[in-house]
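Residues per chain, in single letters:
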Amino acid sequence: MDSHGSSLDHAQSQLSGVEKVSCGWHKPTHSRSSSTASSRHSRLNIKDWEVMDDFPVDLNLTGENMQDANTPGICEGYLMKRRKWPLKGWHKRYFVVDKGILRYSKNQHDFSKGKMHGALDVSLAVMSVNKKARHIDLDAGDILYHMKAKTPDLYYIWVTKLSAHRMHKKNEAAQVHNGFLQALSQSSNLSHKNSPMQEMGTSYVGEPLPCVNPAVNGKVSAWLQTQEPDICAQELTRCQIELNELQRLVQKLHSLESGQMINNGDLQRIISMQNLLLDKPKKKSGKIWGHSHTLSRAEALGMLSSSHLTSSAHLGTSVPSIPDYVSTQATPPASTSSESKKLHQDICSMSLKVHASLRTAHEALAQERQRLQDTWSSRELHQTTSAQINNLCSLAELDVKSRHTKIHKLSVSSDSSEESFRTVLQRKSGSGRSLSFHAPSVADSGAEYFDACDELMCASSSEMSDESGLSDGSSNSEPDEAHAMASRKYRASLSKAPAKLNSIKNTGRRTTLPAVCPDNSHVGLMTILYNNIGKDLSRVSMPAALNEPVCLLQRLCEELEYSDLLDTANHTDDPYQRMVYIAAFAISGYATAQYRNRYKPFNPVLGETFECIREDRGFRYISEQVSHHPPISACHAESNNFNFWQDQRWKNKFWGKSLEIMPTGMVNVTLKNYGDHYEWNKVVTCIHNVLSQQRYLEHYGEVIIRNLKSSVCTCKITFVKSRYWGSDGSKNEVQGQVLDETDNIVHRFGGFWHEGIFCDTLPNLQCIWKPNPQPKNYMTYYGFSSFAMEMNELTPDLKPLLPPTDTRLRPDQRLLEEGKIEETDKKKDEVEEKQRERRKILAKRGEEHIPRFFRKTLDAAGKEVWLYNGTYWKIRDNAGFVNVKNLELW
Ligand SMILES: CC(C)CCC[C@@H](C)[C@H]1CC[C@H]2[C@@H]3CC=C4C[C@@H](O)CC[C@]4(C)[C@H]3CC[C@]12C
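Residues numbered from 1 in each chain as written. Predicted model: local features only at pLDDT ≥ 70, side-chain atom pairs only at ≥ 80, totals over all residues. Heavy atoms only, no water.

- If you look the protein chain up in an unreviewed UniProt entry, it shows as Oxysterol-binding protein from Sinocyclocheilus anshuiensis.
- Under Sequence similarities (unreviewed entry), UniProt gives the following word-for-word description of the protein chain: "Belongs to the OSBP family." (UniProt positions renumbered as here; feature names shortened; annotations may be inferred.)

Here it is, written out as structure tokens:
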């Protein structure tokens, strides 16, 4: 490590104006691992990756000494930045880090003109470096940059500078945090004279915390004083007092144990021990690396949750990075003195109190949120507000559009009046063949028409892009303002379209779950993930409180929620229009992700099955877990209109704050009337801020739908990666085109995977798909849709007809559904243990598990696929599963 330091000095001396920074960057601690063979990084040696140490944030910095602290200078220059799509590869970009914000442009000239491509707050990012390859990765949860320095010198300079900025910004954040706490305590003294603590006769008077920004104080105090004393405020007051006490106790413990505290060397040893294990997963005994190794529940549950950690260092906007966490988790050497033991106990009990207060405050806020949500979802308000917003949007768009037109000279008309934006019309709507763009005709535009097409097409060659793609193979679209405007138009049109009526139809199935979902914010996810770096999320056993009461086989079935789109496709003569419906179906499968980021589905055990017969929707579905290592779920659905099948397997990549899921299987649909066989890939799903409660899902990349039976048309759908400057309004955007044999656009459509798809090139039907409204109180029921709620329902008449391997009969999942969390944990352990036993027995006999209802074969492209073997429904319809030999899974 020292060698880093000396080369650094050398490098710095070469650059004038780059001052020395004592940031200790040369103490990177944690090696990173990735499980993805396809990753560009994985071609580099995993051992060469290190996650940068985070520096202790001094919560006691005052305004004065803050100013004394070295404010890191600006650092600017060219770095290579990895870009995914289009023009995949390394591109030279001009970077500037100033006041903790890293910005970049295409070149220096652009930068000086303020033409920015992206920006990232380095203090909120996990920074991983690879000295050998001179790579620097910054993962800020929402945005991820992969950068590379041309020379070792530049690499050192950048790492140093970025580290210095990170440290500085973190200290700043800590100060604001202190200021906030102080303001809170001051104002609470004023406004809550009868705070619970005082009523309880607590004599502790919190020392005023240092504060640098009186303006912040003033504002916060004023704000707090105007609030009604509600539960939340009371709890926060209490929390503040407890935190003060906690701080005092910790300080006391520090001084008592100084000299005994864990030092950096110890920390490094702990981490490298872990990395040693991580680097050799296969060679280690099954105990550690086999499926059997999981973090004990007690361990996991006992850990501080990420949200707690967050609040200790920042203003709750960021997740701590690995070393932060590791150092908080490293147990100091046991102190022998009874005083220190007592302190430990006090700290624990005080922490519990803080936790309880925060929890109450959290619940109060959650209730408030629910109330707001309920109000919002009450139709009238939603509709009137949406209509108002749409109107405002339209006006704003016209203005922006007008300027945009002038600048880019893209529009078909140089006239920027309202009419000139209603230009896309279909000439040969009957055949659905190529579109033409001609003079505006308001009369023609019964629905929304606009000239987004030019812009949509040229967007892909635009240089103005957020290039922060997360992984190889994922596309990274770059909509410019026109593109963004197009999507706003799609959104406006969608909001006007009524929701499908059949969604509210009574199916005779249950409309809610037996129990509400557990609060899992206390689960120490960070420990679990870091103990399992490089492993599939699906192979990591987690506490049941993290699970939702559906398994992945059921989750795959959820992709059929909008199977009516396939029915429509099967009754659509025009092949181009047919493709639009297939595309909408492919997109609709992602809609549920909007509300499903707090829990993970159960991992099916090998041989587990799930059937789903939906007379109302006209299909029946069967799925089976056909492989455990790697986990593969195969499924097949049939109806009078279509067949649908896929086998799902995926790879995970964990970048420090975000987890990417890269599915590798293809989805297949055949249509009965036309003999079409459509096949498409799935996009990358990224769980942003995976360790925190601000977790959310994003899908990005390109889906190509091909009809293997005809080359008349293909479809390209882009799941647009959200842009750093994009407001929430640009999230979850999808754009698509149906292309003819010569790649002419025949149809185009767009929208949002959580809001719907609008096609402005179809002759009549414009809104092709809109997700069903969520059921009432859905957030208290795992964010489930009505369709999801129906998944695990077990009615008395169904029970005897199911094979014993059916998920509905899986005891741990059933317990979770009933809200019995502790029992679920126990049962889940048993089910997993049983699976391991079966595995061992098979291995001993030298046998392999053979799936019952699916067979492995190769597709035309030579890829391994799993196809339904036809036996499930035969057995069910004839002898029944009671009369055949079944696996005993639980
Ligand atoms: C640690 C836990 C609590 C975090 C939550 C993880 C959740 C959000 C993860 C775990 C497994 C994930 C799923 C795994 C596989 C697929 C198939 C893919 O084609 C679409 C995304 C989808 C359906 C993922 C969605 C997100 C998912 C459900």
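1. Overview of the pattern of salt bridges
Next up, step 1: In this structure the tally under the stated criterion is 29 salt bridges.
Next up, step 2: A salt bridge links Glu 818 to Lys 820; its shortest N-O distance comes to 3.1 Å.
Next up, step 3: Through salt bridges with shared partners, one network takes in Glu 548, Arg 555, Glu 558 and Arg 596. (Salt bridge = Lys/Arg side-chain N within 4 Å of Asp/Glu carboxyl O.)

2. Comments concerning the site of the ligand
Next up, step 1: The environment of the ligand is made up of 18 residues, and the closest members are Arg 555, Pro 601, Ile 661, Lys 682 and Thr 685.
Next up, step 2: Note that an oxygen atom of the ligand is positioned 3.3 Å from one of the side-chain N or O atoms of Lys 682.
Next up, step 3: Isolated, the ligand exposes 610 Å² of accessible area, and the fraction of that covered by the protein chains is 95%.
Next up, step 4: Contributions of two or more residues to the shell around the ligand are made by strand E13 (600–602), strand E19 (659–663) and strand E22 (684–688).
Next up, step 5: A breakdown of the residues in the shell around the ligand according to their chemical character gives 10 nonpolar, two polar and six charged. (Near = heavy atom within 4 Å. Polar contact = N/O pair within 3.5 Å; in protein donor to acceptor, adjacent residues only side chain to side chain. Areas by Shrake-Rupley, 256 points an atom, 1.4 Å probe, with all protein chains shown as cover. Helix = DSSP H or I, 4+ residues; strand = E, 2+ residues; numbered from the N terminus. Nonpolar A, V, L, I, M, F, W, Y, C, P; charged D, E, K, R; others polar.)

3. Side note on the packing of aromatic side chains
Next up, step 1: According to the stated counting rule, one finds 19 aromatic pairs in the structure shown.
Next up, step 2: The interplanar angle of 70 degrees and the centroid separation of 6.5 Å between the aromatic rings of Phe 95 and Tyr 145 together place this pair among those described as edge-to-face. Highlighted residues: Phe 95 in strand E4 (residues 89–98) and Tyr 145 in strand E9 (residues 144–148), separated in sequence by 50 residues.
Next up, step 3: Classification of Phe 95 by relative accessible area gives buried; the value is 0%.
Next up, step 4: For Tyr 145, a relative accessible area of 0% puts it in the buried group.
Next up, step 5: Geometrically, the ring pair formed by Phe 585 and Trp 680 is edge-to-face, given 6.2 Å between the ring centres and 80 degrees between the ring planes. With Phe 585 in helix H20 (residues 575–588) and Trp 680 in strand E21 (residues 677–680), the pair connects residues that are 95 residues apart, well separated along the chain. (Phe/Tyr/Trp six-rings, centres within 6.5 Å; stacked < 30°, edge-to-face > 60°. Buried < 20%, exposed > 50% of the residue type's maximum accessible area, 1.4 Å probe, protein only.)

4. What to know about the nonpolar core
Generally speaking, soluble globular proteins have nonpolar side chains that are buried together.
Next up, step 1: Of all hydrophobic cores here, the largest spans 80 residues; its most connected members are Tyr 621, Val 669, Trp 680, Ile 705, Ile 717, Phe 749 and Ile 768.
Next up, step 2: If you tally residues by element for this core, the top one is H20, at 10 residues.
Next up, step 3: Among residues more than four places away in sequence, those in contact with Val 669 are Leu 566, Ile 582, Phe 585, Phe 642, Asn 643, Phe 644, Asp 676, His 677, Tyr 678 and Trp 680. (Core = buried A, V, L, I, M, F, W, Y, C linked by side-chain atoms within 4.5 Å. Contact = heavy atoms within 4.5 Å.)

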